[in-house]
Structure formats: C-alpha cells, structure tokens
Amino acid sequence: MLEGKVALVTGASRGIGREIALTLAGYGADVIVNFNGSEDKAKRVAKEIEAMGRKTAVVQCSVADYEACGKMITDMLARFGHIDILVNNAGITKDNLMIKMSEEDFDAVIDTNLKGTFNTIKHMYRALIKQRSGRIINLSSVSGVLGNPGQANYSASKAGVIGLTKSMARELAGRNITVNAVAPGYIDTDMTQSMSNSTKEAIISQIPLKRVGQPKDIAEMVAFLASDKAAYITGQVISVDGGMAI
Ligand code: NDP
C-alpha cells in the first residue's frame, strides 16, 4: 500500500508514534524515526523496521526547536531524496487546573504540540510543493475537540492543530497534498499510564465502546490517510476515540 514512499514520523520512539512508524513500514514505506530523549527505544524501532526490509534512519530533534527541525528535514531529504508522508505525532502533556498552571507549562505544551507541528510543515513545505504530492497527518486529540478540565494548555494546542490542519489543507490542495488530523481518545500509552485507576475507570465509563484504545487503532487510521485510498480526503479531523466525541 505504501511501497516507494518515505515517511517521517515525529516522536516515533514510544507509544502511538512507534506504532505508526511500524505500521507504515509494514505497509511498505521507508520510515524516518524521530525522537527527542529516548534514543535506545528509537533505535529499537528502527531495528524492527529494518527487519521488515525497509530503509530507516533515526534522528534526534526536539520538534519545538525550529532550527533543529530544519536541519533534520534538510538532512533527511538529502539522504532519502524525498519525503512523501509527514506524521506530526510528537506531543506532551503538563496537566493542571488553570489556577495552578504555570506560564512555563503552558508555553512548553504549545511549543511542542502546536509550534512543533508548524516547524516541521514549514521546513517540508517547499519540497512537498515541488513534488506535487504528499500527505500530512497531524495528531490532535479528543481534548482539542471537546476541551477538558485540567488541560487548558494541551486542549488549546490540539485545537490549534485542527486550525493549522484545515488551513494547510486549503493551502496545499491545489498541489495534490492532503492534510488531515487524527483525534485519538484515551489510548493506552505512557502518556495515560500515570493516571490513577479511579480516573481511568471514570474515563472508561465515558467511552461508548467501553474500552481504552490501543496505539494500533490510531496507526491504522494514519496508514489509511497516508495511502492512495484516502486521496479524496483532506482538511478532516478523524476521531478515533471509541465514540467519546459523539
Ligand atoms: P507518549 O508520551 O507515549 O510518547 C510521546 C512521544 O513524543 C515520544 O516518542 C517522545 O519522544 C515524543 N516527544 C515528546 N516531546 C518531543 C519533542 N519535543 N520532540 C520530538 N519528540 C518528542 O505519547 P502518546 O504516544 O500517547 O501520544 C502521541 C501523540 O498522540 C501525542 O501528540 C499526543 O498528544 C496524542 N494523543 C495521545 C492520546 C493518548 O491517550 N495517549 C490521546 C490523544 C492524543 P522521546 O521519548 O524520545 O522524548
């Protein structure tokens, strides 16, 4: 389904990003594994990709760093010749009620989740336009769609990702480039593991399908959006959340 394509997945060392990288490789893409702090885990992901017979590269870069994103993308374009699929997955939370939320924590979440998405798209823009084809898939969140108490920073960043996605979809449609967002619900990763059992149970009771999602649930949607099968879909926010946002 994705043979001959090159994908760059940000935050691919763990969780949903890891699963996206492996799933895209499973469908035939060569996959660049970006990470920030988890080098060993990123290298393990790359080994699994190689074992599937796909090309890969492991590249450290904080997506919050504009210049570093530029270097990563320039280097990877030189190495692979083209990047067809950009998955903006890297993300963080720093949850707190507004009364306790520091300016630092607000900025950190916006810088990684929203500005980080801008940083990679900005540096990919010229190459994508020249190629006259491409896919950009941004990870939003049910929190960005519905809002969530204690997540003003995160929710704002993920709602921002939706606005960025829709604007880019309109801007790039004439170049045969689609831009979509996936909005996961509650997915079983490190990001959600720190919650108490009672919080988890309360969340599950709000999920119509009555279970948490798995990274694979998200990765398959990303792979579909990256494929030719989704050629006529752009500017959409696809909720993969067990029905949370109904
Ligand atoms: P995890 O915390 O499990 O993993 C986060 C990943 O992002 C890691 O690979 C981490 O890399 C990377 N990352 C964090 N900061 C940076 C940075 N500055 N630059 C590059 N990479 C970075 O998160 P999930 O897998 O759960 O989440 C993935 C995406 O899905 C996020 O955008 C998140 O907001 C979104 N999402 C998740 C939901 C969930 O329930 N889990 C729900 C809705 C949305 P490293 O370890 O190398 O630093």
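Refer to the structure printed above.
Reading the values: the criteria
- Residues numbered from 1 in each chain as written.
- Predicted model: local features only at pLDDT ≥ 70, side-chain atom pairs only at ≥ 80, totals over all residues.
- Heavy atoms only, no water.
- Core = buried A, V, L, I, M, F, W, Y, C linked by side-chain atoms within 4.5 Å.
- Buried < 20%, exposed > 50% of the residue type's maximum accessible area, 1.4 Å probe, protein only.
- Helix = DSSP H or I, 4+ residues; strand = E, 2+ residues; numbered from the N terminus.
- Contact = heavy atoms within 4.5 Å.
- Expected span 1.5 Å × (residues − 1).
- Arc of directions from axis to C-beta.
- Disulfide = S-S within 2.5 Å.
- Near = heavy atom within 4 Å.
- Polar contact = N/O pair within 3.5 Å; in protein donor to acceptor, adjacent residues only side chain to side chain.
- Areas by Shrake-Rupley, 256 points an atom, 1.4 Å probe, with all protein chains shown as cover.
- Nonpolar A, V, L, I, M, F, W, Y, C, P; charged D, E, K, R; others polar.
- Phe/Tyr/Trp six-rings, centres within 6.5 Å; stacked < 30°, edge-to-face > 60°.
- Pairing = 2+ DSSP bridges.
- Axes fitted to C-alpha atoms, helices over the stretch in contact; angles between N-to-C directions.
- Parallel < 35°, antiparallel > 145°, perpendicular 65-115°, else oblique.
- Left-handed = near helix turned anticlockwise from the far one by under 90°.

1. What to know about the nonpolar core
Link 1 in the chain: Within the largest apolar cluster, 31 residues are counted, with the highest numbers of intra-cluster contacts made by Val-9, Ile-20, Leu-24, Val-31, Ile-49, Val-87 and Ile-218.
Link 2 in the chain: Within the residue set of this core, elements represented by two or more residues are strand S1 (6–9), helix H1 (15–26), strand S2 (30–35), helix H2 (39–51), strand S4 (85–88), strand S5 (134–139) and helix H9 (215–226).
Link 3 in the chain: When residues no more than four places from it in sequence are discounted, the contact partners of Val-87 are Leu-8, Val-9, Thr-10, Ile-20, Leu-24, Ile-137, Leu-139 and Val-222.

2. What about H9?
Link 1 in the chain: For H9, built from 12 residues, the straight-helix expectation of 16 Å at 1.5 Å per residue is met to within 8% by its first-to-last C-alpha distance of 16 Å.
Link 2 in the chain: Taken residue by residue, H9 has Pro-215, Ile-218, Ala-219, Val-222, Ala-223, Leu-225 and Ala-226 as its buried positions. Axial view of H9: buried residues confined to an arc of 160°, hence all on one face.
Link 3 in the chain: Contact partners of the buried residues in H9: H1, S4, S5, strand S6 (177–184) and strand S7 (237–240).

3. A word on the state of the cysteines
Link 1 in the chain: A complete count under the given rule lists zero disulfides for this structure.
Link 2 in the chain: With no disulfide of its own, Cys-61 lies closest to Cys-69 among cysteine sulfurs, the gap being 3.9 Å.
Link 3 in the chain: Using a relative accessible area of 2% as the deciding quantity, one classes Cys-61 as buried.
Link 4 in the chain: Cys-69 gets classed as buried once you look at its relative accessible area, which sits at 0%.

4. Some points on the site of the ligand
Link 1 in the chain: The full set close to the ligand counts 31 residues, and Ser-38, Asn-89, Tyr-154, Ile-187 and Thr-189 are the nearest of them.
Link 2 in the chain: Take Asn-89: an N or O atom from its main chain is 2.7 Å from an oxygen atom of the ligand.
Link 3 in the chain: Take Gly-185: an N or O atom from its main chain is 3.3 Å from an oxygen atom of the ligand.
Link 4 in the chain: Computed on the free molecule, the ligand has an accessible area of 900 Å², of which 94% lies beneath the protein chains in the complex.
Link 5 in the chain: With three residues, helix H7 (residues 190–193) is the single largest residue contributor to the shell around the ligand.
Link 6 in the chain: When its residues are assigned to classes, the shell around the ligand shows 12 nonpolar, 16 polar and three charged.

5. Comments concerning the side chain of Thr-112
Link 1 in the chain: Relative to the elements of secondary structure, Thr-112 occurs in helix H4 (residues 103–131).
Link 2 in the chain: When residues no more than four places from it in sequence are discounted, the contact partners of Thr-112 are Val-63, Ala-64, Ala-90, Gly-91, Ile-92 and Thr-117.

6. Things to note about the environment of Gly-213
Link 1 in the chain: As for its position among the elements, Gly-213 is in the loop between helix H8 (197–205) and H9.
Link 2 in the chain: Residue Gly-213 is classed as buried on the basis of its relative accessible area, which comes to 12%.
Link 3 in the chain: Along the chain, Gly-213 and Ile-110 lie 103 residues apart, while their C-alpha atoms are 25 Å from each other.
Link 4 in the chain: Setting aside its immediate chain neighbours within four residues, Gly-213 contacts Tyr-186, Ile-187 and Asp-188.

7. Describing the packing of aromatic side chains
Link 1 in the chain: Applying the stated criterion to the full structure yields one aromatic pair.
Link 2 in the chain: With a centroid separation of 6.2 Å and an interplanar angle of 15°, the aromatic rings of Tyr-66 and Phe-118 are classed as stacked. You can see Tyr-66 sitting in helix H3 (residues 66–80) and its partner Phe-118 sitting in helix H4, a full 52 residues away along the chain.
Link 3 in the chain: Assessed through its relative accessible area of 28%, Tyr-66 is described here as partly exposed.
Link 4 in the chain: We classify Phe-118 as partly exposed; its relative accessible area is 34%.

8. Some remarks on the sheet that holds S6
Link 1 in the chain: Strand order across the open sheet formed by seven strands is S3-S2-S1-S4-S5-S6-S7, with parallel pairing between neighbours. Each end of this open sheet is capped by a strand with a single partner; those strands are strand S3 (56–60) and S7. The sheet shows a mean angle of 15° between the axes of neighbouring strands, taken without regard to direction.
Link 2 in the chain: Judged from the six bridges that link them, S5 and S6 form a sheet pairing that is parallel.

9. Looking at the packing of H1 against H9
For any two helices packed against each other, the geometry comes down to the angle between their axes and how far apart the axes lie.
Link 1 in the chain: Between H1 and H9, the shortest axis-to-axis distance is 8 Å and the interhelical angle comes to 50°. As the angle between them shows, H1 and H9 are arranged oblique. Of the two elements, H1 crosses H9, and the hand of that crossing is right-handed. For the pair formed by H1 and H9, the contact residues are Gly-15, Ile-16, Glu-19, Ile-20, Thr-23 and Leu-24 on the first element and Pro-215, Lys-216, Ile-218, Ala-219, Glu-220, Val-222, Ala-223 and Ala-226 on the second.
Link 2 in the chain: In the contact of H1 with H9, the residues fall into nine nonpolar, two polar and three charged.

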